[in-house]
Amino acid sequence: MTAVQESAPGRIVILNGAPRAGKSSIVAAIQESFDGVWINLGVDRFMAMTPARYQPGIGLRPGGERPDLEPIVATLYRALYAAIAAHSRLGINVVVDVGHHDAYSRPLGILPACARLLDGLPALFVGVRCPVEVIMQRRRATGWNADLPPDAPPPDPVLRWQSAVHDPGIYDLEVDTSVLSAAECAALIRRRLETGPAPTALRRLAAMAAPQEANHVIR
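Predicted model only: the values in this text are computed from it and were never measured. (Residues numbered from 1 in each chain as written. Predicted model: local features only at pLDDT ≥ 70, side-chain atom pairs only at ≥ 80, totals over all residues. Heavy atoms only, no water.)

Participant: In this structure, what is going on with the pairing of strand β2 (residues 38-42)? I would like to understand it.
Facilitator: Every other side chain in a regular strand lies on the same face of the sheet, so the side chains alternate between the two faces. In terms of burial, β2 is a largely internal element, 4 of the 5 residues being buried. In terms of strand pairing, β2 meets strand β3 (residues 93-98) through 5 bridges, oriented parallel. When the sheet's bridge partners are listed, Trp 38 is paired in β3 with Asn 93. (Buried < 20%, exposed > 50% of the residue type's maximum accessible area, 1.4 Å probe, protein only. Helix = DSSP H or I, 4+ residues; strand = E, 2+ residues; numbered from the N terminus. Pairing = 2+ DSSP bridges.)

Participant: Would you explain the pairing of strand β5 (residues 173-176) in this entry?
Facilitator: With burial as the criterion, only one face of β5 is covered, namely that bearing Leu 173 and Val 175; the residues Glu 174 and Asp 176 on the opposite face remain uncovered. Sheet analysis places strand β4 (residues 123-129) next to β5, joined by 4 bridges and oriented parallel. By the bridge assignment for β5, Gly 127 is matched with Glu 174.

Participant: Even after reading the chapter, I still don't get the layout of surface pockets, so can you show me in this structure?
Facilitator: One way to see where empty space is left: roll a probe the size of a water molecule over the atoms. Approximately 630 Å³ is the volume found for the largest pocket. In the lining of the largest pocket, the residues fall into 13 nonpolar, 7 polar and 6 charged. Of the volumes computed, that of the second largest pocket is approximately 540 Å³. Elements that contribute at least two residues to the lining of the second largest pocket include exactly α3 (70-89) and α4 (110-117). Of the residues assigned to the lining of the second largest pocket, the class counts are 17 nonpolar, 5 polar and 6 charged. (1 Å grid on protein atoms, 1.4 Å probe; cavity = no way out; pocket = protein on both sides within 12 Å on 5 of 7 lines; lining within 4 Å. Points joined across faces, edges and corners; volume = space filled by probe spheres on them. Nonpolar A, V, L, I, M, F, W, Y, C, P; charged D, E, K, R; others polar.)

Participant: In this structure, what is going on with the packing of aromatic side chains? I would like to understand it.
Facilitator: In this description, a pair of aromatic rings is defined by centroid distance and the angle of the planes. Under the criterion given, the structure shown has 2 aromatic pairs. A centroid spacing of 5.4 Å and a plane angle of 80° characterise the contact between Phe 34 and Trp 38, whose relative ring orientation is edge-to-face. For the residue pair Phe 34 and Trp 38, the accessibility class agrees, reading buried in each case. Summarising the aromatic geometry, the rings of Phe 125 and Tyr 171 are spaced 5.0 Å apart at their centres and angled 35° between planes, so their arrangement reads as tilted. Taken together, the residues span a long stretch of sequence, with Phe 125 in strand β4 and Tyr 171 in the loop between α6 (156-164) and β5 at a distance of 46 residues. (Phe/Tyr/Trp six-rings, centres within 6.5 Å; stacked < 30°, edge-to-face > 60°.)

Participant: I'm lost on empty space enclosed by the protein in this one. Help?
Facilitator: A complete count under the given rule lists 2 cavities of 30 Å³ or more for this structure. Empty space within the largest cavity amounts to approximately 50 Å³. Lining the largest cavity, in full, are Asn 16, His 100, Leu 111, Phe 125, Val 165, His 166, Asp 167, Pro 168, Gly 169, Ile 170, Tyr 171 and Leu 205. Of the residues belonging to the lining of the largest cavity, the class tally is 7 nonpolar, 4 polar and 1 charged. There is about 30 Å³ of room inside the second largest cavity. What lines the second largest cavity is Ala 18, Pro 19, Ile 135, Arg 139, Val 158, Trp 161 and Gln 162. For the lining of the second largest cavity, the secondary structure elements donating two or more residues are α5 (132-141) and α6. Counting residues per element, the lining of the second largest cavity draws most heavily on α6, which supplies 3 residues. In the lining of the second largest cavity, the residues fall into 5 nonpolar, 1 polar and 1 charged.

So, in structure tokens, the structure goes:
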């Protein structure tokens, strides 16, 4: 009997940043320009699949406003990362857009726990940064906060995203979409994938997980 040769794992790119930081545009640039199949999994896809009574699901913003949703948010994040790992182990590349934070009604440790689920897989963790002034310009351009005067301070939820989404700030690569186009960000990500160094951010984040999470790694 001929042994079945396992395919190499697909590459994983995780884009983490606040809403309107430009993650979706980078996803589109990666899918358009990178070789091979790149499947997009992330917050918008998961929110679209989540029943209305559990919205906004993994899109729950910082501030601890919905402690009743937090257990399902933690579970949905684990399901997302299990799906990412499953795609990669089948040789499928995955690009993920998320907004991780731990500013719930209590710390949930979701990001370190999820990082454990990608143990041994080629995953690059990218911080997508954008100044709050540009975030507000983009929100107004898409119909959000359009009633606010241009010189009004950003709403508290926007400021909470800015302060929480990049904590602890451990990344393999960071890009600023206020100075780089989506195509330029994708090109930097491609270069890092092709030339290295090998990613380490998720391994370092996984080491921060609570001890009990060690028993939950999905293989």
